[in-house]
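Summary of the model geometry
Below, each chain spelled out in residue letters.
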Amino acid sequence: MSRRLQSSPTFHSAFTEECSTLCLTNGDAALAASKYDRAIDLYSAAIDLDSASDVVFANRSKAKLGRMLWEEALLDAQKVRWHLLRPCRN
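Everything quoted here is computed from the prediction, not taken from an experiment.

1. With respect to the side chain of Asn59
- The topology assignment puts Asn59 in helix H4 (residues 54–66).
- Dropping the residues within four chain positions of it, Asn59 is found in contact with Asp28, Leu31 and Tyr43.

Rendered as structure tokens:
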């Protein structure tokens, strides 16, 4: 692959989106299998890749509840509320 393609904004955006999708999908599978530490790591990676949404924070909150990380789960739950109440971006 050429360096110009790798550094293009379109390539970066597509790559980031693909990585986020993988993190979210695997995070959902880990949460369903009660692998809470793995789910937390994967949802956190998706958030770091700028895929933060109310669903991602809600799922990470569920995983933190599964690990009995009450305060951290509450913080993520508050972020869910923030995402739901903020004005829509256009």
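Now that the structure has been shown, the text picks up again.
2. What to know about the nonpolar core
- If you look at the biggest cluster of nonpolar residues, it comprises 10 residues: Ala30, Leu31, Ala39, Ile40, Tyr43, Ile47, Val56, Phe57, Ala63 and Val80.
- Elements supplying a minimum of two residues to this core: helix H2 (9–32), helix H3 (36–48) and H4.
- At four residues, the largest contribution of residues to this core is made by H3.
- Residues contacting Ala30, with those up to four places away along its chain left out, are Lys35, Arg38 and Ala39.

3. Looking at the packing of H4 against helix H5 (residues 70–85)
- Where H4 meets H5, the closest approach of the two axes is 8 Å, and the angle between their N-to-C directions is 165°. Overall, the two elements H4 and H5 adopt an arrangement that is roughly antiparallel. With respect to the hand of their crossing, H4 and H5 are arranged in left-handed fashion. Note on element contacts: H5 touches H4 through Trp70, Glu72, Ala73, Asp76, Ala77, Lys79, Val80, His83 and Leu84, opposite Asp54, Phe57, Ala58, Arg60, Ser61, Lys64 and Leu65.
- Looking at the contact of H4 with H5, its residues break down into eight nonpolar, two polar and six charged.

4. Focus: unusual backbone geometry
- Positioned with a positive phi, Ser34 is a non-glycine residue whose angle comes to about 60°.
- Relative to the elements of secondary structure, Ser34 occurs in the loop between H2 and H3.
- Residue Met68 is not a glycine yet carries a positive backbone phi of 60°.
- Mapping Met68 onto the fold places it in the loop between H4 and H5.

5. Comments concerning a nonpolar patch on the surface
- A cluster of nonpolar side chains, contributed by Leu65, Met68 and Trp70, occupies part of the molecular surface with about 360 Å² of accessible area.
- Residue position: Leu65 is located in helix H4.
- Residue Leu65 is classed as partly exposed on the basis of its relative accessible area of 41%.

6. With respect to the packing of H3 against H4
- One can describe the packing of H3 onto H4 by two numbers: an axis separation of 9 Å at closest approach and a directional angle of 155°. It follows from the interaxial angle that H3 and H4 lie roughly antiparallel. As H3 packs across H4, the resulting crossing turns out to be left-handed. Residue-level inspection shows Tyr36, Ala39, Ile40, Tyr43, Ser44 and Ile47 of H3 in contact with H4, the latter providing Val56, Phe57, Asn59, Arg60, Ala63, Lys64 and Gly66.
- Here the residues of the contact of H3 with H4 are counted per class, giving eight nonpolar, three polar and two charged.

Conventions adopted
- Residues numbered from 1 in each chain as written.
- Predicted model: local features only at pLDDT ≥ 70, side-chain atom pairs only at ≥ 80, totals over all residues.
- Heavy atoms only, no water.
- Helix = DSSP H or I, 4+ residues; strand = E, 2+ residues; numbered from the N terminus.
- Contact = heavy atoms within 4.5 Å.
- Core = buried A, V, L, I, M, F, W, Y, C linked by side-chain atoms within 4.5 Å.
- Buried < 20%, exposed > 50% of the residue type's maximum accessible area, 1.4 Å probe, protein only.
- Axes fitted to C-alpha atoms, helices over the stretch in contact; angles between N-to-C directions.
- Parallel < 35°, antiparallel > 145°, perpendicular 65-115°, else oblique.
- Left-handed = near helix turned anticlockwise from the far one by under 90°.
- Nonpolar A, V, L, I, M, F, W, Y, C, P; charged D, E, K, R; others polar.
- Patch = residues over 30% accessible without salt bridge, like charges linked within 9 Å, V, L, I, M, F, W, Y side chains within 5 Å.
- Areas by Shrake-Rupley, 256 points an atom, 1.4 Å probe, with all protein chains shown as cover.
- Salt bridge = Lys/Arg side-chain N within 4 Å of Asp/Glu carboxyl O.

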